[in-house]
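Here are the chains, one letter per residue:
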Amino acid sequence: MQNKLLLLLLLLSFGYGQAQENLEYQQPPQEILDLVDAPLAPAVQIDSKGEFAVLIYRDAFKSIAELSAPEMRLGGLRINPNTNIGSRTTFYNNLKVKRTEDTDATQVSGLPANPRLSGFSWSPDESKIACLNTTDKGVEVWVLDIAAAKVTKLTDAGVNANMGGAIRWFKAGDALLVKMLPKNRKALINVAEAVPTGPTISVSDGAKAQNRTYQDLLKNPNDEHNFEQLAISEIKKVSLNGQVSNFLPAAMYRGMSFSPDGKYIKITKIKKPFSYIVPYSRFPYDETVYTTDGNFVATVNDVPLNEVQPKGFMATRKGKRNLNWRADKPNTLYWAEAQDEGDPAIEVPYRDYVYQLAAPFTGSKEMVTKTINRYSGISWGDDKTAILYDYWWNTRNTKTYLFNPSKPNMDPKVITDRNYQDQYSDPGQFVMSKNEMGWNTLVIDKGSLYLMGAGYTSEGQFPFVDQMDLASQKTKRLYQSEYTDRLENLYSAIDMKKGEILVRIEGQTEYPNYYIRNIKKKNSLRPLTSFENPFKSLQGVHKEVITYKRDDGLDLEGTLYLPIGYDKDKKEKMPMILWAYPREYKDKSSASQSTTNPNEFIYPYYGSPIYWVTRGYVVLDDAAFPIVGEGDQEPNDTFRPQLVANAKAAIDAVDAMGYIDRTRVGVGGHSYGAFMVANLLSHSDLFAAGIARSGAYNRTLTPFGFQSEQRSYWDSPETYYTMSPFMHADKMKTPLLLVHGEADNNSGTYPLQSERYFNALKGLGATARLVMLPKESHGYRAKESIMHLLWEQDTWLETYVKNRKSQELNTSSESFKN
């Protein structure tokens with residue numbers, strides 16, 4: 001009788017029998033609510049010398065009122081036109097400063113009322129931090145004196161932060177360049193009220209423009225007008241004494257970058273024509289160098305509209321790319337240029353050449369080096385030493401080269417040539433530190449470089465520090481973490497000569513904290529922070545990483561949590577939630593590697609299934625769902641059978657441990673994980689119910705590629721059809737909860753995807769529920785939305801997973817077709 005009453009209440013709460021519900025925001029059960037309401041630890045920024053730590057606090061969530069503020073979606077941007085900053089910006093509301101040798105932090109004084117801080121930028125000497133404060137009237141600049149733990153207001157609310165990068169420090173640290181609103185900015189057009197003056201027309205001239213399905217694009221001339229007005233800034237020089245002077249006149253400024261010696265600044269400026277099919281990052285732009293007095297020096301790059309590129313993930317545009325300052329030179333620019341016309345189908349010995357040009361930027365470019373694959377970056381050292389990187393997505397190959405910048409005719413020496421998905425072979429990242437100009441360059445010590453690595457192995461994760469001899473490229477291990485009950489992450493070098501590095505250490509119930517470790521002294525560890533675990537109710541939860549095999553022998557893993565208070569001796573069979581996200585690989589070896597550390601802190605966040613250990617569920621989180629395609633075969637050629645095989649292997653493994661009732665297993669996922677859920681429910685009978693958040697279900701709506709699929713619909717229509725749950729909606733016999741943000745801006749996951757899929761399911765009589773979260777994007781931010789999401793998920797799981805048997809016995813099938 002109690003089961004019947006519980007089920008009836010659950011069904012009534014979900015409103016079965018009617019097409020729509022007028023439901024206010026709900027809250028999850030108290031066990032979940034207590035975890036959601038736990039205070040959020042601050043973000044930590046530490047200076048390069050390890051002397052000061054700045055603690056930056058914020059609320060865990062925004063409010064639905066904040067998300068409901070005015071918003072314009074233009075050219076891939078989302079802007080609050082009243083405040084002139086990104087409408088989805090994360091704001092911080094408190095600051096504290098701590099000398100690293102002290103125990104307690106000092107509250108920063110002078111903060112504005114109701115602070116909404118963002119855009120933190122350290123001064124060159126690291127004595128100050130500039131930041132933005134957003135008020136109802138607009139954006140201001142404030143400056144924190146770190147030693148004094150005091151902030152002061154530098155400008156009024158006239159900053160234009162719409163394009164990001166609104167502030168940059170001068171080399172001396174006595175002034176900033178600031179993007180300010182122009183006085184003569186034209187009024188914005190209310191698009192909803194504007195009367196059209198004609199149709200919107202797009203033209204194809206025969207060139208192939210195979211672009212992803214971007215969102216928030218410009219749609220008409222009114223959008224163009226509004227984008228231009230919101231992008232226009234005047235650049236001002238603002239001294240710390242409050243003096244403001246003109247630097248550059250009004251234009252659509254995108255970026256500002258000082259040279260390492262501080263004598264020049266490179267300005268990136270957007271130009272017309274705009275585009276209706278690509279975001280602003282692919283609009284025309286030029287890059288111009290000025291002196292620090294604002295005098296023109298040279299235009300160093302002029303990039304046309306980039307709507308048309310060759311086919312493939314490794315395609316790129318012609319001309320100068322990735323134009324940046326050499327970190328080891330006072331004022332030298334460098335960049336890459338494709339030698340294959342940006343077309344991966346064209347075979348050439350070297351895909352990219354790297355060139356450079358020194359001040360005054362009027363001579364001929366000099367070749368520096370070249371890459372076999374597509375160029376991806378350089379770590380500069382000095383005139384004789386630099387590290388070059390490339391990659392090739394099709395083969396998952398990446399190469400690291402050692403080269404001499406002063407000898408461009410000498411081929412760079414390949415020092416690693418590996419599959420970048422092969423975590424076990426990862427040699428680590430080269431250690432950088434600030435040079436005399438304040439820019440990060442390679443730490444070169446008596447003919448050696450240093451590397452820090454994550455340290456994944458078949459026996460576990462053991463982060464390390466290696467020393468590499470430049471002459472032989474042989475490495476010697478200087479330090480390797482020995483923890484088997486904790487996780488140690490190596491963050492950065494404080495002083496490699498002394499052996500001091502910044503690390504973060506955590507355990508399953510030990511909140512992550514920062515330390516300075518001296519790798520030259522055994523067990524030398526100095527604490528910098530001492531954050532407490534805010535999730536006390538989870539301290540007794542059993543957590544382990546389990547390993548198991550797929551039916552083809554592929555090794556898989558997942559993180560298993562048992563319900564609070566679970567008796568492992570009695571082994572009561574409980575319901576389970578499986579949460580996962582598919583990932584594509586080109587080889588089985590990489591796909592089978594163990595890269596989950598069981599000692600990671602148990603951190604429940606809004607998208608996590610961990611909450612349900614408080615509700616009597618076993619949870620298998622981050623279950624491995626590799627999709628492998630070796631040789632000429634692409635992973636998605638066998639997407640569906642591999643997906644089902646992964647799921648069956650996971651359920652079989654936990655079932656064999658005796659913990660679960662395999663007839664009561666739910667599955668969930670977000671984004672591509674939601675796509676996974678819909679496919680699993682359509683093509684297997686493994687699950688009692690599913691939860692799919694912010695997914696895409698009809699791949700013909702993303703015809704020029706999706707996720708890691710670079711073939712178009714017309715290249716492989718069968719792939720698109722087979723993988724699309726929408727095309728197989730008639731096979732759906734399992735209850736599915738669909739959730740989507742009404743303002744989703746992720747490429748490919750239009751809200752329309754969930755709406756049309758739900759309509760198909762409803763029309764075919766499937767049991768489904770569609771929850772559209774107002775104002776939410778691809779990830780959810782408002783506390784009201786997240787509370788309601790957790791309530792929806794909990795109610796769905798209680799109804800269709802935990803109480804599945806009583807449901808089948810006591811409810812007719814007709815109850816589930818509304």
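To be clear, the structure that these remarks concern was listed above.
Remember, it's a predicted structure, so these values are computed and weren't measured experimentally.

A. Representation of the overall build of the protein chain. Counting its regular elements, the protein chain contains eleven helices and 49 strands. Against the 2.2 N^0.38 benchmark of 28 Å for 818 residues, the protein chain shows a C-alpha radius of gyration of 28 Å, consistent with a compact globule. For the protein chain, the spread of C-alpha atoms along the three principal axes comes to 85 × 75 × 60 Å. Classification of the 818 residues of the protein chain by burial places 56% in the buried group. Here the analysis covers contacts within the protein chain between residues at least 6 apart in sequence; of these, 59% occur between residues at least 24 apart. Carbon together with sulfur atoms contributes 47% to the accessible area of the protein chain, which is approximately 35200 Å² in total.

B. Here's a closer look at the nonpolar core. One finds Leu 578, Leu 620 and Phe 687 to be the most contacted residues of the largest nonpolar core, which totals 57 residues. Excluding its chain neighbours within four sequence positions, the residues that come into contact with Leu 620 are Ile 546, Tyr 548, Gly 558, Thr 559, Leu 560, Met 576, Ile 577, Leu 578, Trp 579, Ala 650 and Val 654. Core analysis: the second largest hydrophobic core is formed by 49 residues, Leu 35, Tyr 511, Val 613 and Leu 797 among them.

C. Here's a closer look at the environment of Gly 666. Tracing the backbone through its elements, the reader meets Gly 666 in strand S46 (residues 660-670). Apart from the residues lying within four places of it in its own chain, the contact partners of Gly 666 are Met 576, Ile 577, Leu 578, Phe 687, Ala 689 and Val 801.

D. How the structure looks around unusual backbone geometry. Note that the residue after Lys 272, namely Pro 273, is joined by a cis bond; omega there is 10°. The topology assignment puts Pro 273 in the loop between strand S17 (264-270) and strand S18 (285-291). A cis amide bond links Ala 359 with the next residue in sequence, Pro 360, at an omega value of 10°. Following the sequence through the fold, Pro 360 ends up in the loop between strand S22 (352-358) and strand S23 (366-371).

E. Molecular detail of the sheet that holds S22. The strand order S20-S21-S22-S23 describes an open sheet built from four strands, whose pairing is antiparallel. Edge positions in the sheet fall to strand S20 (320-325) and S23, since each has one partner strand and no second. Pairwise comparison of adjacent strand axes, ignoring direction, gives a mean angle of 25° for this sheet. Examined bridge by bridge, S22 and S23 share five bridges and lie antiparallel to one another. Looking across to S23, one finds that Gln 356 is bridged to Glu 366.

F. Up close: a negative patch on the surface. A surface patch of like charges, here negative, comprises Glu 51, Glu 101, Asp 102 and Asp 104. Mapped onto the secondary structure, Glu 101 falls in the loop between strand S6 (94-99) and strand S7 (106-107).

G. Structural detail: the packing of aromatic side chains. Applying the stated criterion across every chain yields a total of 35 aromatic pairs. Relative to Phe 247, the ring of Phe 170 lies with its centre 6.5 Å away and its plane at 80°, an arrangement referred to as edge-to-face. Linking Phe 170 in the loop between strand S12 (167-169) and strand S13 (175-180) with Phe 247 in strand S15 (residues 244-251), this pair joins segments that are 77 residues apart in sequence. For Phe 170, a relative accessible area of 6% gives the class buried. Note on Tyr 605 and Tyr 606: the rings are 6.1 Å apart at their centroids and 85° apart in plane angle, and the pair reads as edge-to-face. Here a set of aromatic residues connected by ring pairs shows up, and it is made of Tyr 581, Phe 639, Tyr 672, Phe 675, Phe 704, Phe 706, Tyr 713, Trp 714 and Tyr 720.

H. Spatial organisation of the pairing of strand S31 (residues 448-453). In terms of burial, S31 is largely enclosed, as six of its six residues are buried. Every second residue of S31 is oriented toward a common face, with Ser 448, Tyr 450 and Met 452 on one face and Leu 449, Leu 451 and Gly 453 on the other, all of them buried. The pairing of strand S28 (residues 429-430) with S31 spans two bridges and is antiparallel. Across the sheet, residue Gln 429 finds its bridge partner in S31, namely Met 452.

I. Up close: the pattern of salt bridges. Applying the stated criterion across every chain, the model contains 40 salt bridges. Of the charged contacts, one joins Asp 794 and Arg 615 as a salt bridge, the two residues approaching to 2.9 Å between their closest N and O atoms. In this pair, Asp 794 is assigned in helix H10 (residues 783-802) and Arg 615 in the loop between helix H5 (588-591) and strand S44 (618-623), connecting sequence segments 179 residues apart. Here Asp 794 and Arg 615 have matching classes, each one buried. Linking Glu 798 and Lys 802 is a salt bridge whose minimum nitrogen-to-oxygen distance equals 3.0 Å. With Glu 798 and Lys 802 both in helix H10, this residue pair falls four residues apart, about one helical turn.

J. Inspection of the pairing of S20 at higher detail. Of the strand pairs in this sheet, S20 and strand S21 (residues 332-338) are connected by four bridges, and their pairing is antiparallel. The partner of Arg 321 across the bridge, within S21, is Ala 336. Between S20 and S21, which pair antiparallel one after the other, the connecting turn spans six residues.

Each value, and the rule that gives it
- Residues numbered from 1 in each chain as written.
- Predicted model: local features only at pLDDT ≥ 70, side-chain atom pairs only at ≥ 80, totals over all residues.
- Heavy atoms only, no water.
- Helix = DSSP H or I, 4+ residues; strand = E, 2+ residues; numbered from the N terminus.
- Rg over C-alpha atoms; globule rule 2.2 N^0.38 Å.
- Buried < 20%, exposed > 50% of the residue type's maximum accessible area, 1.4 Å probe, protein only.
- Contact = heavy atoms within 4.5 Å.
- Areas by Shrake-Rupley, 256 points an atom, 1.4 Å probe, with all protein chains shown as cover.
- Core = buried A, V, L, I, M, F, W, Y, C linked by side-chain atoms within 4.5 Å.
- Pairing = 2+ DSSP bridges.
- Axes fitted to C-alpha atoms, helices over the stretch in contact; angles between N-to-C directions.
- Patch = residues over 30% accessible without salt bridge, like charges linked within 9 Å, V, L, I, M, F, W, Y side chains within 5 Å.
- Salt bridge = Lys/Arg side-chain N within 4 Å of Asp/Glu carboxyl O.
- Lys, Arg positive; Asp, Glu negative; His and termini not counted.
- Charge placed at Lys NZ, Arg CZ, Asp CG, Glu CD.
- Phe/Tyr/Trp six-rings, centres within 6.5 Å; stacked < 30°, edge-to-face > 60°.

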